[in-house]
Amino acid sequence: MAKQILVIIRRSNGDVLLSSALLQQLHDYYAGAQIDLLINDDTLGIAKALPAVRRIYCYSYAWKTLPRWARIRQHVGLIRQLWRRYDLAISLTTTDSSVWYARIAGRQAISLIETEAHKNWWKQRLLDGYYYLDPTQHVILNHLKALNVLQIPQGKVITHIHYSAEALQRVQAKLNAQGIHTFLIFHPSAQYAYKIYPDTLRQQLLHRLNDLGIAIVVTGANTPLDLHIKTTLPYLENLYDFIGETNLDEYIALSHLASAYVGGDTLNMHIAAAQDKPIFAIFGPTLLPIWSPWNNALQTAATHSQAQQTYGNITIFQADMPCVPCGKAGCDNKNGNSECLSRIDPATISAAVSHWLNHRHQENFHE
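Residues numbered from 1 in each chain as written. Predicted model: local features only at pLDDT ≥ 70, side-chain atom pairs only at ≥ 80, totals over all residues. Heavy atoms only, no water.

**Quick word on empty space enclosed by the protein**
- Applying the stated rule across the entire model yields 1 cavity of 30 Å³ or more.
- The computed volume of the largest cavity comes to approximately 60 Å³.
- As for the largest cavity, its lining consists of Phe 186, His 187, Pro 188, Lys 195, Ile 196, Tyr 197, Arg 202, Gly 263, Gly 264 and Ile 282.
- For the lining of the largest cavity, the elements supplying multiple residues, two or more each, are strand S7 (183–187) and strand S10 (260–264).
- Counted by class, the lining of the largest cavity contains 5 nonpolar, 3 polar and 2 charged residues. (1 Å grid on protein atoms, 1.4 Å probe; cavity = no way out; pocket = protein on both sides within 12 Å on 5 of 7 lines; lining within 4 Å. Points joined across faces, edges and corners; volume = space filled by probe spheres on them. Helix = DSSP H or I, 4+ residues; strand = E, 2+ residues; numbered from the N terminus. Nonpolar A, V, L, I, M, F, W, Y, C, P; charged D, E, K, R; others polar.)

Okay, here's the thing in structure tokens:
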């Protein structure tokens, strides 16, 4: 039985969060196991929010900018920390360096690998086990393929996330100071501009949501994209601007307290899904079968595209266009505009939120 396990997940914040289902199943199967992570340093915040994790190692792409001798020193330092420290190392990332780190760290090493023979032949020989990436399958299900290699029965697939008690106290104090009790989160931004709902439509949507009579807490970070959106927010009776005012730990606590999430297909959406919140997600070119919110109760995500669909507590909006979704970084595939986002009517989104809110009020009335 493995006692010391290293999981390598050197990809995006979303990938790291969605690895939580695998981490929990490893923790449940290997009684008393201690699980560590190796991640890219720009995902450290979300990695700290995952349960069942003891220690986190960070790889930094900034090392590539260092002189050669300094770059080597950083890699050697990490290798020394990892060297044969683990009974089992699992890489959820196909990069050459991630596979090598798994082999260096684990007495047993397995990894996700590419399907192309010219890329994976040496990895097959180096590793004790491997599995292939399915580019049509949800991120969570690709992660869980590691269990098949280890001959571990797959249990219920649940994404998990937590926050600190201190963060919850700070958020509650902030909400109380502004007289906010029941509220929606509206998250307008994303890591990349091509995923952001256009400004004119966003303004219309906010006015419509404001008319529903529930507090709208607008969230975001201190990035240039988020701060630009902050300057465009309208002054509305029920709108509260929290952009740049919470760290990630506090945001997760805020999301826990929210009644629902309205916004784009970004990390914040997956946080809400992990917390089983009602979700109204605006999707552009992102590949839905891979990145749609996972529904813990129904044990599924969206598998096909359509203008509007609901599964359980999750509603997704897309443009009714033959190219949707294309999986590109905007129509020009260079982080430009996504025409499909301009084709999603804010009235459709607000109507779905209104329908949910009315149904919720009726349930509360009959209780």
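**Structural notes on the packing of aromatic side chains**
- Taken as a whole, this structure holds 8 aromatic pairs when the rule is applied.
- Seen from the ring of Tyr 59, Arg 10 lies directly overhead, with NZ or CZ sitting 3.9 Å from the centre.
- Arg 84 extends its terminal NZ or CZ atom over the ring of Trp 83, reaching a point 5.5 Å from the ring centre. (Phe/Tyr/Trp six-rings, centres within 6.5 Å; stacked < 30°, edge-to-face > 60°. Lys NZ or Arg CZ within 6 Å of the ring centre and 35° of its normal.)

**Considerations on the pattern of salt bridges**
- Per the counting criterion, the structure on display carries 12 salt bridges.
- Of the charged contacts, one joins Arg 54 and Asp 36 as a salt bridge, the two residues approaching to 2.7 Å between their closest N and O atoms. Residue Arg 54 is found in the loop between helix H3 (44–48) and strand S3 (55–59), and its partner Asp 36 is found in strand S2 (residues 34–40); the two are separated by 18 residues along the sequence.
- Overall, Arg 54 belongs to the partly exposed group, its relative accessible area being 43%.
- With a closest N to O distance of 2.9 Å, Asp 87 and Arg 107 form a salt bridge. Linking Asp 87 in strand S4 (residues 86–91) with Arg 107 in strand S5 (residues 106–113), this pair joins segments that are 20 residues apart in sequence.
- One continuous salt-bridge network, built from bridges that share partners, spans Asp 96, Glu 114 and Lys 123. (Salt bridge = Lys/Arg side-chain N within 4 Å of Asp/Glu carboxyl O. Buried < 20%, exposed > 50% of the residue type's maximum accessible area, 1.4 Å probe, protein only.)

**A look at the pairing of strand S6 (residues 129–132)**
- Burial of S6 is one-sided: the residues Gly 129 and Tyr 131 facing one way are buried, the residues Tyr 130 and Tyr 132 facing the other way are not.
- Summarising the sheet, S5 and S6 pair through 4 bridges and their orientation is parallel. When the bridges of S6 are listed, Ser 111 appears paired with Tyr 130.
- What joins S5 to S6 is helix H6 (residues 117–126), and the crossover it makes is right-handed. (Pairing = 2+ DSSP bridges. Right-handed = clockwise from strand over helix to strand, strands pointing away.)

**Quick look at the environment of Gly 244**
- Among the secondary structure elements, Gly 244 is positioned in the loop between strand S9 (239–241) and helix H11 (248–257).
- Sequence separation of Gly 244 and Ala 221 is 23 residues, and the distance between their C-alpha atoms is 4.5 Å.
- Here Gly 244 is in contact with Gly 220, Ala 221 and Asn 222, once residues within four sequence places are set aside. (Contact = heavy atoms within 4.5 Å.)

**Description of the sheet that holds S9**
- Strand order in the open sheet formed by 7 strands is S9-S8-S7-S10-S11-S13-S12, with mixed pairing between adjacent strands. With one partner strand each, in any of the chains shown, S9 and strand S12 (308–311) form the two edges of the open sheet. When strand polarity is set aside, the average angle formed by the axes of neighbouring strands in this sheet is 20 degrees.
- When strand S8 (residues 215–218) meets S9, the two strands line up parallel, connected through 3 bridges. Within the sheet, the bridge partner assigned to Val 217 lies in S9 and is Tyr 240. (Axes fitted to C-alpha atoms, helices over the stretch in contact; angles between N-to-C directions.)

**Overview of H6**
- For H6, the complete set of buried residues consists of Asn 120, Trp 122 and Lys 123. Taken around the axis of H6, the buried residues stretch over an arc of 155 degrees, which confines them to a single face. In H6, the exposed positions that point more than 90 degrees away from the buried face belong to Ala 117, His 118 and Arg 125.
- Against the buried residues of H6 lie helix H5 (96–105), S5 and S6. (Arc of directions from axis to C-beta.)

**Regarding the pairing of strand S11 (residues 279–282)**
- Going residue by residue along S11, you find Ile 279 and Ala 281 tucked away on one face and Phe 280 and Ile 282 tucked away on the opposite face as well.
- Taken together, the 4 bridges between S10 and S11 define a ladder with parallel strand orientation. The residue bridging Gly 264 from the neighbouring strand is Ile 282, located in S11.
- As a crossover connection, the stretch from S10 through helix H12 (residues 267–274) into S11 is right-handed.

**Some details on the nonpolar core**
- By size, the foremost hydrophobic cluster in this structure holds 68 residues, and its most contacted members are Leu 26, Phe 183 and Leu 254.
- Residues contacting Phe 183, with those up to four places away along its chain left out, are Leu 175, Ile 214, Ala 215, Val 217, Leu 254, Leu 257, Ala 258, Ser 259 and Ala 260.
- In terms of nonpolar packing, the next biggest core, distinct from the first, is built from 33 residues, Leu 184, Leu 206, Leu 239 and Ile 349 among them. (Core = buried A, V, L, I, M, F, W, Y, C linked by side-chain atoms within 4.5 Å.)

**Comments concerning helix H7 (residues 139–149)**
- Taking burial as the measure, the 11 residues of H7 include 8 buried ones, the bulk of the element.
- Among the residues of H7, Val 139, Ile 140, Asn 142, His 143, Leu 144, Lys 145, Ala 146 and Leu 147 are the ones counted as buried.
- Of the residues flanking the end of H7, it is Gln 151, one or two places downstream, whose phi is positive at about 55 degrees.

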